[in-house]
Amino acid sequence: GVSHTATGESEARFIEFAPEAVILAPRDLTGVSARNHLTAKVLRTVDVAGAVFVEMDAGQRLWGVVTPEAARELNLTAGAEVFCLIKTQSLRLAE
């Protein structure tokens, strides 16, 4: 995002969140408490110690992490569309 300084100049701000904070779904969901919904395309998956990290493009690169079972059920393969839900409480202003 962009914020403005006291002098009115624009200053870039970045938000960060942990991969564990990203909920992945095959379609957009309504009636959930997560307020940040992003449509993304899966770029790749990386298996690490019993977890599957999912690299996605939602206009910016972001990562999520799921179990191997969830990766199979959601068909998380390169090129697949996925919806990312992120609770506002998980967002932090990057230093």
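Residues numbered from 1 in each chain as written. Predicted model: local features only at pLDDT ≥ 70, side-chain atom pairs only at ≥ 80, totals over all residues. Heavy atoms only, no water.

Undergrad: Any details on the overall build of the protein? Residues and values, ideally.
TA: Each helix and strand in the protein was counted, giving 1 helix and 9 strands. Along the protein, helices (α) and strands (β) appear in the sequence β-β-β-β-β-β-β-α-β-β when read from the amino end. Along the first, second and third principal axes, the C-alpha atoms of the protein reach 50 × 30 × 20 Å. For the protein, buried positions account for 25% of its 95 residues. Put simply, 58% of the contacts in the protein that link residues at least 6 apart link residues at least 24 apart. A total of about 6400 Å² of accessible surface is found on the protein, and carbon and sulfur atoms cover 52% of it. (Helix = DSSP H or I, 4+ residues; strand = E, 2+ residues; numbered from the N terminus. Buried < 20%, exposed > 50% of the residue type's maximum accessible area, 1.4 Å probe, protein only. Contact = heavy atoms within 4.5 Å. Areas by Shrake-Rupley, 256 points an atom, 1.4 Å probe, with all protein chains shown as cover.)

Undergrad: Let's hear about the sheet that holds strand S4 (residues 22-25): which residues, and what values?
TA: Taken in spatial order, the 5 strands line up as S4-S8-S5-S6-S7 in an open sheet, and their pairing is antiparallel. Only two strands of the sheet have a single neighbouring strand rather than two, namely S4 and strand S7 (61-66). Averaged over all pairs of adjacent strands, the angle between strand axes in this sheet comes to 45°, irrespective of strand direction. (Pairing = 2+ DSSP bridges. Axes fitted to C-alpha atoms, helices over the stretch in contact; angles between N-to-C directions.)

Undergrad: Account for unusual backbone geometry, naming residues and giving values.
TA: Residues other than glycine predominantly adopt negative phi, and peptide bonds predominantly adopt the trans conformation. Phi at Ala-49 takes a positive value of approximately 45°, unusual for a residue other than glycine. Along the chain, the position of Ala-49 falls in the loop between strand S5 (36-48) and strand S6 (51-57). The exposure class of Ala-49 is exposed, given its relative accessible area of 85%. Of note, Asn-75 is a non-glycine position whose phi angle comes to about 55°, a positive value.

Undergrad: So what's going on with the layout of surface pockets? Which residues, and what values?
TA: One number sums up the size of the largest pocket: a volume of about 370 Å³. Along the walls of the largest pocket sit 13 residues, with Ile-15, Phe-17, Leu-38, Gln-60 and Arg-61 positioned nearest its centre. Those elements that place two or more of their residues in the lining of the largest pocket are S5 and S7. The class makeup of the residues in the lining of the largest pocket is 8 nonpolar, 3 polar and 2 charged. (1 Å grid on protein atoms, 1.4 Å probe; cavity = no way out; pocket = protein on both sides within 12 Å on 5 of 7 lines; lining within 4 Å. Points joined across faces, edges and corners; volume = space filled by probe spheres on them. Nonpolar A, V, L, I, M, F, W, Y, C, P; charged D, E, K, R; others polar.)

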